Amino acid sequence: MQSTQPVFIYASELEAYHYPSSCPFKTERATKTRGILQSMGSAFFREEKPRPATDKELKLFHTDAYLKMLQRISGGDLRADDLFCGVGTDDCPVFPDLYSYSVLAAGGSIRAAELLLAGDTRRCFNPSGGYHHASADSAGGFCYINDVVLACKKLREAGNRTFCLDLDAHHGNGTQAAFYDDPSVFTVSFHESGKTLFPWGGSEEEIGDAAGRGYNVNVPLPAGTDDDAFARTFSAVVPPLLDACRPDFIVLEIGMDILAVDPLTHLSMTNNAIADVMPLLRDRSLPMLVLGGGGYNPEATARGWALAWQVLCGAETESDLTIGMGGVFLGNAEWSGGLRDMRSYARGEEKRSIDEQLRATVDSLREKVFPIHGIAA
Ligand SMILES: [Zn+2]
């Protein structure tokens, strides 16, 4: 049935826009992902185009003054004061038509939310989404318009409870801020600890405020965290919170900057880390909106996204693990394991230290957050 096919949001127009060449953010990762999926047989999903987010939708989160400023800058008029809103920095550089790009990318996530709301599909992936650092009135970390927040608000407008799970290597600070006192969107962020990575926050002590207390969960991962430590921590935290939240929708960001090969971060994971935990979400049979996010090794990012998307759609088969990729560049010619990376593990004292830190984080969440939701210790 076409109506239940997973949907891949894609427009080649998006990749006509480019951040400056010195910037590690590359817009062409969606095309690379699509190429891999097509080479493996793409009959399991269909494509939909994004549309630009409307002014009304953008103002569900962003201030009018900020949007006007972005439009002005996009037209080439950058002023010294704009630096206070994060634009014109190395992290959020000015590039031609950045406003059109951001609004179209965000519109892809809103379109995905609409398709899910209409029941047209149960899985929707916008690899050109996941701009989780943008706040209501400022840009940050390559993000100008926060499509994660806009999509969650779209779902909430229709009366739904959303579980927003951010697995990007960076803390989803813009998304956290948007819903910090709002229990209708349960935000959970796994990320490299703010002790070693931008945006330098996201501790387990930040658990929400007022009515939203207990509805914001952070799981900082020590530098060097490997697949095993991630899977163990994920399994201890996410299933009980999902049981407690009983969401109508899951919004999931799968930044591939968690990979050991990522040049900006310090985690030691392979793409198996995300793929291995996807069944814990997939098997809930909830509608899922999947967003890309970071990932600064474009080839590894595309392979990780293709793998995670296949697993989420139940499309990964045994043969994918053994059959060569027929023309797709895998990044490691000696490995013929399909989309999956070779696993690697932390060892010795580093492993002991990581395990100890993560155990303490889980204990803290069990003590401070779980009781708010009546989750037994
Ligand atoms: Zn990131």
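From a predicted model like this one, the values you see are computed outputs, not experimental measurements.

Caption draft 1: View of the overall build of the protein. Secondary structure assignment for the protein yields eleven helices and eight strands. Radius of gyration (C-alpha) of the protein: 19 Å, near the 21 Å computed for a compact globule of 377 residues. Dimensions of the protein, computed from C-alpha atoms along their principal axes, come out at roughly 55 × 50 × 45 Å. Taken across its 377 residues, the protein has 59% of its residues classed as buried. Partitioning the intrachain contacts of the protein with sequence separation of at least 6 by distance along the chain shows that 78% fall at a separation of at least 24. Of the roughly 14,600 Å² of accessible surface on the protein, a fraction of 51% belongs to carbon and sulfur atoms.

Caption draft 2: Focus on the side chain of Asp182. In this fold, Asp182 is placed in the loop between helix H6 (173-178) and strand E5 (185-192). On the accessibility criterion, Asp182 (13% relative accessible area) is buried. A distance of 2.7 Å separates a polar atom in the side chain of Asp182 from a polar atom in the side chain of Ser184. In contact with Asp182, other than residues within four places in its own chain, are Arg156, Gly212 and Tyr215.

Caption draft 3: Structural view of the coordination of the zinc ion. Within the first shell, the zinc ion binds the protein through Asp168 (OD), His170 (ND1) and Asp257 (OD), at distances of 1.9 to 2.1 Å. All donors to the zinc ion come from one chain, and their sequence spacing reads D-x1-H-x86-D. In this pair, Asp168 is assigned in the loop between strand E4 (162-166) and H6 and Asp257 in the loop between strand E7 (249-253) and helix H8 (272-282), connecting sequence segments 89 residues apart.

Caption draft 4: Quick look at the environment of Glu206. Relative to the helices and strands, Glu206 resides in the loop between E5 and strand E6 (216-221). Judged by its relative accessible area of 22%, Glu206 falls in the partly exposed class. Beyond its immediate stretch of four places on either side in the chain, Glu206 contacts His171, Gln176, Tyr180, Gly201, Asn216 and Asn218. Within the structure, Glu206 has its side chain in polar contact with the side chain of Gln176 (distance 2.8 Å).

Caption draft 5: How the structure looks around the packing of aromatic side chains. Considering all chains together, one arrives at 23 aromatic pairs under this definition. Linked through ring pairs, Tyr17, Tyr19, Phe25, Phe95, Tyr101, Tyr131, Phe142, Tyr144 and Tyr296 together constitute an aromatic cluster. Positioned above the aromatic ring of Phe25 is the side chain of Arg29, whose terminal nitrogen or guanidinium carbon lies 4.6 Å from the ring centre.

Caption draft 6: How the structure looks around the packing of helix H3 (residues 64-74) against helix H4 (residues 98-117). Two elements in contact, H3 and H4, have axes separated by 7 Å at closest approach and are oriented at 130°. Comparing their axes, H4 and H3 come out oblique. Contact with H3, carried on its side by Leu67, Leu70, Gln71, Ile73 and Ser74, involves Leu98, Tyr99 and Ser100 of H4 and no other residues of that element. Tallied by class, the residues present in the contact of H3 with H4 amount to five nonpolar, three polar and no charged.

Rules behind the numbers
- Position labels on residues start from 1 in each chain and follow its written sequence.
- The model is predicted, so local features are restricted to residues of pLDDT at least 70 and side-chain atom pairs to those at 80 or more, both for listing and for counting; the totals for chains, interfaces and linings are taken over all residues.
- The basis for every side-chain value is the complete set of non-hydrogen atoms in the structure, without hydrogens or water.
- The secondary structure listing takes helices from DSSP runs of H or I that are at least 4 residues long and strands from runs of E that are at least 2 residues long, numbered from the N terminus.
- Based on C-alpha atoms, the radius of gyration is set beside the globule rule, defined as 2.2 Å times the residue count to the power 0.38.
- Under the scheme applied here, a residue whose accessible area is under 20% of the maximum for its type counts as buried, over 50% as exposed, and between as partly exposed, the area being computed with a 1.4 Å probe on protein chains only.
- Here a residue-residue contact requires only that any non-hydrogen atoms of the pair lie within 4.5 Å.
- Computed with the Shrake-Rupley method and a 1.4 Å probe, the accessible areas treat only the protein chains shown as cover for residues.
- We call two N or O atoms a polar contact when they sit within 3.5 Å, provided that within protein one can donate a hydrogen and the other can accept it, with sequence-adjacent residues counted only if both atoms are side-chain atoms.
- For Na, K and Ca the donor cut-off is 3.2 Å, while for other metals it is 2.8 Å, and in both cases only N, O and S atoms qualify; water is not among them, so sites may look incomplete.
- Geometry of aromatic contacts follows a simple scheme: Phe, Tyr and Trp rings, the Trp one being its six-membered ring, pair when their centres are within 6.5 Å, and the pair is stacked under 30 degrees between planes, edge-to-face over 60, tilted otherwise.
- For a lysine, the NZ atom is tested; for an arginine, the CZ atom; a charge sits over a ring if that atom is within 6 Å of the ring centre and within 35 degrees of the ring normal.
- Axis definition: a line fit to C-alpha positions, over the contact stretch in the case of helices; interaxial angles, taken between N-to-C directions, run 0 to 180 degrees.
- Roughly parallel refers to an angle under 35 degrees, roughly antiparallel to one over 145, roughly perpendicular to one between 65 and 115, and oblique to any angle outside these ranges.
- Gly falls in the polar group here, along with every residue not listed as nonpolar (Ala, Val, Leu, Ile, Met, Phe, Trp, Tyr, Cys, Pro) or charged (Asp, Glu, Lys, Arg).

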